[in-house]
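# Overview (structure and organization)
Letter by letter, the chains look like this.
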Amino acid sequence: MLDRLQSLADRYDKLSELLCDPDVANDSKKLRDYSKEQSDLQPAYEAYVEYKNVIEELEAAKTMQGEKMDDEMREMVKMEIEELTQREQELAEKIRILLLPKDPNDDKNVIIEIRGAAGGDEAALFASDLYRMYTRYADTQGWKVELMDANTNDLGGFKEVIFMINGRGAYSKMKFESGAHRVQRIPTTESGGRIHTSTSTVAVMPEAEEVDIEIHDKDIRVDTFCSSGAGGQSVNTTKSAVRVTHVPTGIVATCQDGKSQNSNKDKALQVLRARIFDMMRQEEEAKYAGERKSKVGTGDRSERIRTYNFPQSRVTDHRIGLTVHKLDQVMNGEIEEIVSALTLAEQAEMMEKGV
């Protein structure tokens, strides 16, 4: 581990030199790439620097322990050794986590699709609740949310909503949300006061840039149509809505949120690119599914990952057995506790497997 850390530190110092090079400063691509690489290395680099300092201080304190001194001084040295030993262990654990292989998509923006599934209108209403939960969580993280497409029902729920979250590290936190979300509550449409169970599905995809997925004009078909609102009613007499079909894969993306046909086409292509990239990523992961399947999920929409029980104000994440009794706060976007627990579970699993 120390050899690996020293190599990392040497690379960090080399990047500092490169970023001061006038030739690099005048090359926007190199400047961006080197800055990002150094930023990615910084947490492990700083932990390593502190770790080395603690080791030096610990060795010095142990040397002092063998010297002649009064009882008070000896007790102080003993306490210092205990504190430094504890800090050494904490830093070693932190560094092991920082050195775990990083998902190459972790820093990317995400495109999220939420669909009402089982439960009709109630499922659509819950889909809108999930959309609100994620947009509020994004606000707490300083991320920007951009609505890309939405299909509502007469009650204001979402049959489907697609949106992008722009922010560094968005995928690293949001990737655990893929799957089926189950809600147990009394629907507003229920006159008898009975609790119903409904589900909405969430798909989280890393944004795919053009360098990730190249889509040729000859491989796509673009159709335009009038956008529609709740219940299918037309809300736009011009053909601004766009449907893009990737002929080789049959994958389709539509967008009707913007007023401009060009804007809608650009957004539809973003979604299309993300869906193709996600399909390729899942196909690649499926090759190693037997060895690498994680308990925090594979991103399959059919996998039930979480239950929101309104009568008991309870949220349970079934993958790691976590239950929190603060449903109101969770629905208001306070999901960091759940996200952090899922992140730690994934890290622990990777360490256990010796990844």
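Residues numbered from 1 in each chain as written. Predicted model: local features only at pLDDT ≥ 70, side-chain atom pairs only at ≥ 80, totals over all residues. Heavy atoms only, no water.

## Digging into the overall build of the protein chain
Of the regular secondary structure elements, the protein chain holds ten helices and eleven strands. The buried share of the protein chain, reckoned over its 355 residues, is 41%. By sequence separation, contacts in the protein chain at least 24 residues apart represent 62% of the contacts at least 6 residues apart. Put simply, the protein chain shows about 19,200 Å² of open surface, and 48% of that area lies on carbon and sulfur atoms. (Helix = DSSP H or I, 4+ residues; strand = E, 2+ residues; numbered from the N terminus. Buried < 20%, exposed > 50% of the residue type's maximum accessible area, 1.4 Å probe, protein only. Contact = heavy atoms within 4.5 Å. Areas by Shrake-Rupley, 256 points an atom, 1.4 Å probe, with all protein chains shown as cover.)

## Here we look at the nonpolar core
Counting 33 residues, the largest nonpolar core has Ile112, Ile114, Tyr134, Ile165, Met174 and Tyr308 as the members making the most contacts within it. Looking at this core, the elements that each hand over two or more residues are β1 (110–116), α5 (121–141), β3 (158–166), α6 (170–174), β5 (196–206), α9 (327–331) and α10 (336–352). Looking at this core element by element, the count peaks at eight residues for α5. Residues within four places of Ile114 in sequence aside, it is in contact with Ala127, Leu130, Tyr131, Tyr134, Lys159, Glu160, Val161, Phe163, Thr201 and Val202. (Core = buried A, V, L, I, M, F, W, Y, C linked by side-chain atoms within 4.5 Å.)

## With respect to the pattern of salt bridges
For the coordinates displayed, the defined rule picks out 25 salt bridges. Across the pair Asp223 and Arg221 runs a salt bridge whose closest N-O atoms are separated by 3.5 Å. Between Arg319 and Asp317 there is a salt bridge, with the nearest N and O atoms lying 2.7 Å from each other. Summarising the burial analysis for this pair, Arg319 and Asp317 share the class buried. Through salt bridges with shared partners, one network takes in Lys36, Asp40, Asp107 and Arg168. (Salt bridge = Lys/Arg side-chain N within 4 Å of Asp/Glu carboxyl O.)

## A closer look at helix α1 (residues 2–19)
Given a rise of 1.5 Å per residue, 18 residues ought to cover 26 Å, and the 26 Å separating the end C-alpha atoms of α1 matches this to within 8%. Every buried residue belonging to α1 is among Leu5, Leu8, Ala9, Tyr12, Leu15 and Leu18, and all of these are buried. Contacts made by the buried residues of α1 are with α2 (22–25), α3 (28–65) and α4 (71–98). (Expected span 1.5 Å × (residues − 1).)

## Some remarks on the side chain of Thr316
Within the element layout of this structure, Thr316 appears in strand β10 (residues 314–317). Among the polar contacts listed, one links the side chain of Thr316 to the side chain of Thr323, at a separation of 3.0 Å. In contact with Thr316, other than residues within four places in its own chain, are Ile305, Arg306, Thr307, Leu322 and Thr323. (Polar contact = N/O pair within 3.5 Å; in protein donor to acceptor, adjacent residues only side chain to side chain.)

## Some points on unusual backbone geometry
Look at Ser313: it is not a glycine, yet its phi comes out positive at around 50°. By the element assignment, Ser313 lies in the loop between β9 (304–309) and β10. Of the residues examined, Ser313 reaches a relative accessible area of 26% and is grouped as partly exposed.

## Some remarks on the sheet that holds strand β11 (residues 322–324)
Read from one edge to the other, the open sheet built from eight strands follows the order β2-β3-β1-β5-β4-β9-β10-β11, with strand pairing classed as mixed. Strands at the two margins of the open sheet, each flanked by one partner only, are β2 (144–152) and β11. Direction aside, the axes of adjacent strands within the sheet are offset by 15° on average. Two elements, β1 and β5, share seven bridges in a ladder whose sense is antiparallel. The residue bridging Ile114 from the neighbouring strand is Val202, located in β5. Relative to β11, α10 is tilted by about 165°, and along the sheet it contacts β9, β10 and β11. (Pairing = 2+ DSSP bridges. Axes fitted to C-alpha atoms, helices over the stretch in contact; angles between N-to-C directions.)

## Describing the UniProt feature "coiled-coil region" (unreviewed entry) in the protein chain
Annotation from UniProt places "coiled-coil region" (unreviewed entry) at residues 55–94. The span residues 55–94 carries 88% helix and 0% strand; its end-to-end C-alpha distance comes to 15 Å. (UniProt positions renumbered as here; feature names shortened; annotations may be inferred.)

## Concerning the pairing of strand β4 (residues 179–185)
Each regular strand shows side chains that alternate between the opposite faces of the sheet. The buried fraction of β4 is high, at seven of seven residues. Looking at chain direction, β4 and β5 are connected through seven bridges and run antiparallel. The residue of β5 that forms the bridge with Arg182 is Thr199. Bridge count for β4 against β9 is five bridges, and the pairing is parallel. Within β9, the residue paired with Gln184 across the bridge is Asn309.

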